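What follows is the residue order along each chain.
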Amino acid sequence: MQGRLARRRARAGWVFVTPNLAAVLVFLLFPLGLSLYLSLHSWDLFSPPRFVGMANYRRLFASDPLFLIALRNTAVFTVSTLVPTVVIGLAVAAVLNRKLAGIGIFRTIAFLPLVASTVAMAVVWRFIFTTDDGLLNIMLGWVGIDPVPWLTDPDWALVSLSIVTVWKNVPFATVILLAAMQGVPETLYEAARIDGAGAVRRFWSVTLPLIRGPLSFVFVITIINSVQAFDQAYALTGGNGGPETGTYLLGIMLFQNAFGFYEVGYAAALAWVIFAMLLVLTLLQLRFARRAEVEL
């Protein structure tokens, strides 16, 4: 009887697990394998794939100047997005982590960008950044500042894209960090107050060390989202990475090669390079986070 019951439980377990395994196989493992296969071939969607070995990777690193431009822009964009997202997310989470009247309303307002469509909010920001009659330049004119070419100058275009991305990412960071802060035992704060620690000292010596894990998670997710950024760049400045190459990110480059030039194999090779970079960055960040936890 026990053996029969164990077999029935095992079969029931497989019945529940099989749909999930099938979904992983169809929607994750198969696309990964197919993209790796295509990265070793030349394919234009119409003719049969032609095996070229590592030629796509050699072309990417040795003879495509646009890859270096996209890599540089993505690195600058990632840094200019990561730092403000973490700093502002920490500040907003610390402000919302208080027992005040009406604090729930402010939390709801702070989280609204998290549920907004990325493309929709990028279109709205595009009108805000209009040089001649955009809301932002009108407000700057009130204090005597000349209009800024937010979307027409290559350098300012990347700044504008960073601003939009930070505005979109801060609510997510705030949600994670606020949940972590609410998990810090109140007794630690009381002990710090008894020792004479002020608000800043308590935040630096009590809060930050105890939310280091969630903070590391926010770092990793923000880096991944920044390196993979595409939809907000496409909606804000178009699919060519303009003006000039000001917002030519890796995501835009991948899209252009796959659906603009129909070089699917080359785009697949770029996708695997992006995956490798993200994997290395994530492993390094997790290693630093574990080392910091051990030291703590």
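Just above, that's the structure.
Remember, it's a predicted structure, so these values are computed and weren't measured experimentally.

Asker: Help me understand the layout of surface pockets, please; the structure alone is not making it clear to me.
Answerer: Any empty space left between atoms is shown by rolling a water-sized probe over those atoms. There is about 600 Å³ of room inside the largest pocket. Lining the largest pocket are 16 residues, with Ala94, Asn97, Arg98, Tyr189 and Arg193 sitting closest to its centre. Mapped by element, the contributors of at least two residues to the lining of the largest pocket are α7 (154–182), α8 (186–194) and α9 (199–210). It is α9 that contributes the most residues to the lining of the largest pocket, five residues altogether. Here the residues of the lining of the largest pocket sort into seven nonpolar, three polar and six charged. Volume-wise, the second largest pocket comes out at about 350 Å³.

Asker: Teacher, can you tell me more about unusual backbone geometry here?
Answerer: Generally, phi is negative for residues other than glycine and the peptide bonds are trans, each holding for most cases. That bond from glycine 242 to proline 243 is cis: its omega, 0 degrees, falls within 30 degrees of zero. The residue leucine 45 is not glycine, and still its phi comes out positive at about 80 degrees. Take leucine 45: it is sitting in the loop between β1 (41–42) and β2 (50–51). Overall, leucine 45 belongs to the partly exposed group, its relative accessible area being 38%. Even without a glycine there, the phi angle at glutamate 244 is positive, about 55 degrees. Position of glutamate 244 among the secondary structure elements: in the loop between α11 (231–237) and α12 (250–260). Assessed through its relative accessible area of 66%, glutamate 244 is described here as exposed.

Asker: Looking at this structure, how should I read the nonpolar core?
Answerer: Nonpolar side chains tend toward joint burial in soluble globular proteins. Residues Leu90, Ile211 and Met253 are the most contacted members of the largest nonpolar core, which totals 50 residues. If sequence neighbours within four positions are ignored, leucine 90 has contacts with Leu177, Met181, Phe203, Leu208, Ile211 and Leu215.

Asker: Sorry, what's going on with the pattern of salt bridges here?
Answerer: Opposite charge on two side chains permits pairing when their charged atoms draw close. As enumerated under the stated definition, the model contains two salt bridges in all. Between glutamate 263 and arginine 59 there is a salt bridge, and its shortest N-O distance comes to 2.8 Å. Separated by 204 residues along the polypeptide, glutamate 263 in the loop between α12 and α13 (264–295) and arginine 59 in helix α2 (residues 55–62) bring together distant segments of the chain. The class for glutamate 263 is partly exposed, based on a relative accessible area of 27%. Look at arginine 59 and you get partly exposed, because its relative accessible area is 32%.

So, how was this worked out
For every chain, the first residue of its written sequence is number 1, and the numbers climb from 1 along that sequence. Whole-chain, interface and lining totals are the exception, using all residues; otherwise, since this is a predicted model, local features are given only for residues with pLDDT of at least 70 and side-chain atom pairs are given and counted only at 80 or more. Only heavy atoms go into the side-chain values, all of them from the structure, while hydrogens and water stay out. Here a cavity denotes grid points, spaced 1 Å and computed from the protein atoms alone, that fit a 1.4 Å probe unable to get out, and a pocket denotes an open set having protein on both sides within 12 Å along at least 5 of 7 lines; residues with an atom within 4 Å of a point are the lining. Grid points are joined across faces, edges and corners, and a volume is the space filled by probe spheres set on the points. Numbering goes from the N terminus for both helices and strands, where a helix is a DSSP run of H or I of at least four residues and a strand is a run of E of at least two. The nonpolar class holds Ala, Val, Leu, Ile, Met, Phe, Trp, Tyr, Cys and Pro. Asp, Glu, Lys and Arg form the charged class, and all remaining residues, Gly among them, are polar. Whether a residue is buried, partly exposed or exposed follows from its accessible area with a 1.4 Å probe, protein chains only, as a fraction of its type maximum: under 20%, in between, or over 50%, in that order. The set of buried Ala, Val, Leu, Ile, Met, Phe, Trp, Tyr and Cys residues whose side-chain atoms join them within 4.5 Å is what this entry labels a nonpolar core. We call two residues in contact whenever any of their non-hydrogen atoms come within 4.5 Å of each other. Salt-bridge detection follows one rule: a side-chain nitrogen of Lys or Arg within 4 Å of a carboxyl oxygen of Asp or Glu.

Geometric values such as these leave the question of function open.
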